[in-house]
Amino acid sequence: MLKIKNLQVKVEDKTILKGLSLDIKPGEVHAIMGPNGSGKSTLGYVLSGREGYEVSGGSATLNGDNLLELDADERAKKGLFLAFQYPVEIPGVSNMEFLKASVDTVRDYQGKEALSTVDFMKLAREKCKAVNLDPNFLKRGVNEGFSGGEKKRSEIMQMMLLEPSLCILDETDSGLDIDALQVVADGVNACRDENRAFIIVTHYQRLLDYIVPDKVHVLSDGKIIKSGGKELALELEEKGYSWIEKA
Amino acid sequence: MKTSFQVDNQFLSAALKNELAQNAESQTPENNWLTKIRSYSYADFLKQNLPTRKVEHWKYNELFFLTQAEFSSSPLASRTQSEISDLTLALKNAFTVVFINGQYSPQHSSDLIDSHVSATPFSQANTKQIELITSSLSSAQQSTNLLIQLNTSLSQDGLLIEVESNKKIGKPIYLFHLNTSADENQICANQTLVSCGTGSECQLIEHFVSEKCEATQLALQQSVVHLQENSQCNHYRLNLEASTSMQVSRALFLLEKDSSLNSFYYSEGSQLNKTDIDIHHRGKNSESNLTGIYLPSETQCIDYHTNIEHQIANCTSREVFRGIIADSAKATFNGKIHIFKDAQKSDAQLSNKNLLLTNQAEINTKPELEIYADDVVCAHGATVAKIDDKAIYYMQTRGINETRAKKILSIGFINELLDKVENEALSHYLKDQVQICLSDIK
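Thresholds applied
- Residues numbered from 1 in each chain as written.
- Chains lettered and ligands numbered in written order.
- Predicted model: local features only at pLDDT ≥ 70, side-chain atom pairs only at ≥ 80, totals over all residues.
- Heavy atoms only, no water.
- Helix = DSSP H or I, 4+ residues; strand = E, 2+ residues; numbered from the N terminus.
- Buried < 20%, exposed > 50% of the residue type's maximum accessible area, 1.4 Å probe, protein only.
- Domains from an automatic or database assignment.
- Contact = heavy atoms within 4.5 Å.
- Buried area = accessible area lost by both parts, 1.4 Å probe.
- Salt bridge = Lys/Arg side-chain N within 4 Å of Asp/Glu carboxyl O.
- Pairing = 2+ DSSP bridges.
- Axes fitted to C-alpha atoms, helices over the stretch in contact; angles between N-to-C directions.
- Polar contact = N/O pair within 3.5 Å; in protein donor to acceptor, adjacent residues only side chain to side chain.
- Phe/Tyr/Trp six-rings, centres within 6.5 Å; stacked < 30°, edge-to-face > 60°.
- 1 Å grid on protein atoms, 1.4 Å probe; cavity = no way out; pocket = protein on both sides within 12 Å on 5 of 7 lines; lining within 4 Å.
- Points joined across faces, edges and corners; volume = space filled by probe spheres on them.
- Nonpolar A, V, L, I, M, F, W, Y, C, P; charged D, E, K, R; others polar.

Draft legend 1. Unusual backbone geometry, seen in detail. Of note, the phi angle at glutamate 163 of chain A is positive, near 45°, even though the residue is not glycine. Mapped onto the fold, glutamate 163 of chain A is located in the loop between α5 (148–162) and β9 (166–170). On the basis of relative accessible area, glutamate 163 of chain A is assigned to the partly exposed category, the value being 41%. Not every positive phi belongs to a glycine, and asparagine 166 of chain B is a case in point at roughly 60°. Its location among the elements puts asparagine 166 of chain B in the loop between β7 (159–163) and β8 (173–179). Looking at asparagine 166 of chain B, the relative accessible area reads 58%, which means it is exposed.

This is the structure:
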């Protein structure tokens, strides 16, 4: 599904990713762990199409499409979803309006039937309930004045509505208490199926107790330096990153 | 320092100058008072020269264009009822008052019998009404804007609208102004006085439109709204003229004890719209709440000068203006709060926010406080920003393309203000209008 080969990325002349390769098959959950500054968030940004991230080498394809030459919105339409570490506040634009515009566009592109306002509302309320958000949240401005936990649950709710094929969760666990973490993990697990893949970017092993990964990768200085099964996360928790970096 | 152009009334056509001069000499007994006001205003106007940019009030919109053109008086034009109806707002059950080129047009206006609202041309006013008009207009004379003085001199008549005391008027009073197309440059004038009787409640909608044409239509206009004790007025002023129009106008509100004003402004379309808004809190516990949206595009200029005077203690004022400036357009916002010496316990807040859509778009914003009392709460602030790139990217990651994202974000910038429009038909109209106005964003 997602094939990344020798990806190199620069931000303002500083090379952040230095030849990253990753192959993700439908239905798989890959965790990417690594120390601060290793390039974890950059991976999410460059795959989703953020401006200012210059690809200086390598390739990335999603279901055969060259991701790197598409605009950010086209990548989303083709089924890529990034749950932000810091979701952006948009005062004056209601969640309802924002989500409707988003879902309408993506469904239209994917040739799915348009939802009536009534059906959309019903669906949105249902998804709110699934991540334990008050349906009144739909009337509020996008992420405006939301608590950290609400922002993250809102991201998961958006993911559920858009039904993407590849979901990248960028430190979705940061700033969450145990209860919120459980809600977020339940949301993700509910979305897991044989066609949908996940990249879970995290600092801590804790989230992986709830969302059990198929593979764990360690990212350090812009490269994947070790890959393994779920037990690798436990080992990292115990020993820290330095034992791999030294090796 | 050169502060004026040496042209005084040169931009007025010979016929128009002649008419003004004749008026100054004539003393028809029945309209003596009106003639006097007009001739005094003209004398005041002639004492001044057209200001240059060195004069603060005209810093961003000088009147140089007047030295380059000649304007004659707008002719009396007539339009059929269906032509008028095509342009008016689809308000349910409104009392409609129509002005064509500044002139009151009774045949297109609603019948006001048994409505507790009356419309009287100044020229037909009785003694009591003349007293009301002269006392309100004397407050209006103190304008720093010489074109407003010219407006008074040029207005052959005026319209007095009275809302009966202690009556709640359910239907909006809708003042519709149309400027017709012309082959040569035209100037028209209008003055309207609305008196909200003691304890009355009303809704007032002023709507300005014009027919597009080759020449320039310069519309001068002044509305004075006098809120008597304990009265309430919800006021809307919509400027939606064609790109060949220029309007220089003033809205003055006199607030007596315990009165309450909500006043909403919307402007787009015309080449120049310069509106001076003066709010005079003259009676204790009076409240004013101003909201404004301006959306200039192409090479248009919109200029709001607001001046809120807390002349007496215990009054509250709120003011929020937001603008979205596109293309090479220019906007000016000058918001002044003036707290008089004895106006203790004044509570005044002012905010102005602007969104610039291009590198060529220009905004000149200046919030001002002038405070002479010591026990007051005042706050003011202004911001200028571009559309947030991070917000555009966030929306793109949700499948919304850049152009659409910019539109949604721009509308989001003013949504909160549009929500303040209580009149439902007007609210729908404005929401659609904003969509149309911002549809060219790229």
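Draft legend 2. Looking closely at the domain arrangement of chain B. Residue and element names in this part refer to chain B. By the assigned domains, chain B splits into domain 1 (79–387) and domain 2 (388–442). Once you take the C-alpha centre of each, domain 1 and domain 2 turn out to be 25 Å apart. On the side of domain 2, 24 residues touch domain 1, which itself brings 30 residues to the contact. It is Tyr236, Arg322 and Ile387 in domain 1 that bury the most area against domain 2; as a group they hold 29% of the surface buried on that side. Seen at the junction of domain 1 and domain 2, the total is one salt bridge.

Draft legend 3. Local environment of the sheet that holds strand β18 (residues 316–325) of chain B. Residue and element names in this part refer to chain B. Read across the open sheet, the ten strands follow the order β5-β4-β8-β10-β12-β14-β16-β18-β20-β22; overall the sheet is mixed. Of all strands in the sheet, those with a lone pairing partner are β5 (103–104) and β22 (377–386), marking the two edges. Bridge count between strand β4 (residues 95–100) and β5: two bridges; the pairing is antiparallel. In the strand pairing of β5, isoleucine 100 is matched with glutamine 103. Packed onto the sheet, helix α8 (residues 402–418) meets β14 (260–267), β16 (287–294), β18 and β20 (347–356) and runs at close to 155° relative to β18. Its contacts with the sheet put helix α9 (residues 424–437) on β10 (201–210), β12 (232–239) and β14, and the angle it makes with β14 is roughly 30°.

Draft legend 4. Local environment of the interface of chain B and chain A. Taken residue by residue, the interface counts 17 residues in chain B and 30 residues in chain A. Of the roughly 1900 Å² buried at the junction of chain B and chain A (both faces included), carbon and sulfur atoms supply 63%. Between the two partners, chain B and chain A, sit one salt bridge. Glutamate 155 of chain A serves as the salt-bridge partner of arginine 398 of chain B, at 2.7 Å between the closest nitrogen and oxygen.

Draft legend 5. Here's a closer look at helix α7 (residues 389–396) of chain B. All names here are of chain B. Taking burial as the measure, the eight residues of α7 include six buried ones, the bulk of the element. For α7, every residue scored as buried is listed here: Ala391, Ile392, Tyr393, Tyr394, Met395 and Gln396. Its side-chain oxygen placed 3.0 Å from the backbone nitrogen of lysine 390, aspartate 388 serves as the N-cap of α7.

Draft legend 6. Seen up close, the packing of aromatic side chains. Per the stated rule, a full pass over the model turns up 17 aromatic pairs over all chains. For the ring pair tyrosine 45 of chain A and tyrosine 393 of chain B, a centre distance of 6.2 Å and an interplane angle of 70° mean the geometry is edge-to-face. Of this pair, tyrosine 45 of chain A sits in helix α1 (residues 40–48) while tyrosine 393 of chain B sits in helix α7, on two different chains. There is no split in this pair, since tyrosine 45 of chain A and tyrosine 393 of chain B are both buried. Taken together, Tyr45, Tyr53, Phe84 and Phe98 of chain A together with Tyr393 and Tyr394 of chain B form an aromatic cluster joined through their ring pairs.

Draft legend 7. Structural view of empty space enclosed by the protein. Residue and element names in this part refer to chain B. This structure, assessed with the given rule, holds three cavities of 30 Å³ or more. If you add up the space inside the largest cavity, you get close to 100 Å³. If you trace the largest cavity, you find 15 residues lining it, with His177, Asn179, Phe208, Ala219 and Gln247 closest to the centre. Those elements giving two or more residues to the lining of the largest cavity turn out to be β8, β9 (186–196), β10 and β11 (217–227). Of the residues contributing to the lining of the largest cavity, the split by class is seven nonpolar, seven polar and one charged.

Draft legend 8. Expanded view of the pattern of salt bridges. Residues and elements named next belong to chain B. Under the defined criterion, the tally for this structure stands at 23 salt bridges over all chains. For the salt bridge of arginine 318 with aspartate 347, the shortest nitrogen-to-oxygen distance reads 3.1 Å. Here aspartate 347 lies in strand β20 and arginine 318 lies in strand β18, a separation of 29 residues in the sequence. For aspartate 347, a relative accessible area of 21% puts it in the partly exposed group. A salt bridge links aspartate 375 to lysine 345; the shortest N-O distance between them is 2.8 Å. One end of the pair, aspartate 375, is in the loop between β21 (362–371) and β22; the other, lysine 345, is in the loop between β19 (330–339) and β20, and 30 residues separate them in sequence. A relative accessible area of 34% places aspartate 375 in the partly exposed class. What makes lysine 345 exposed here is its relative accessible area of 52%.

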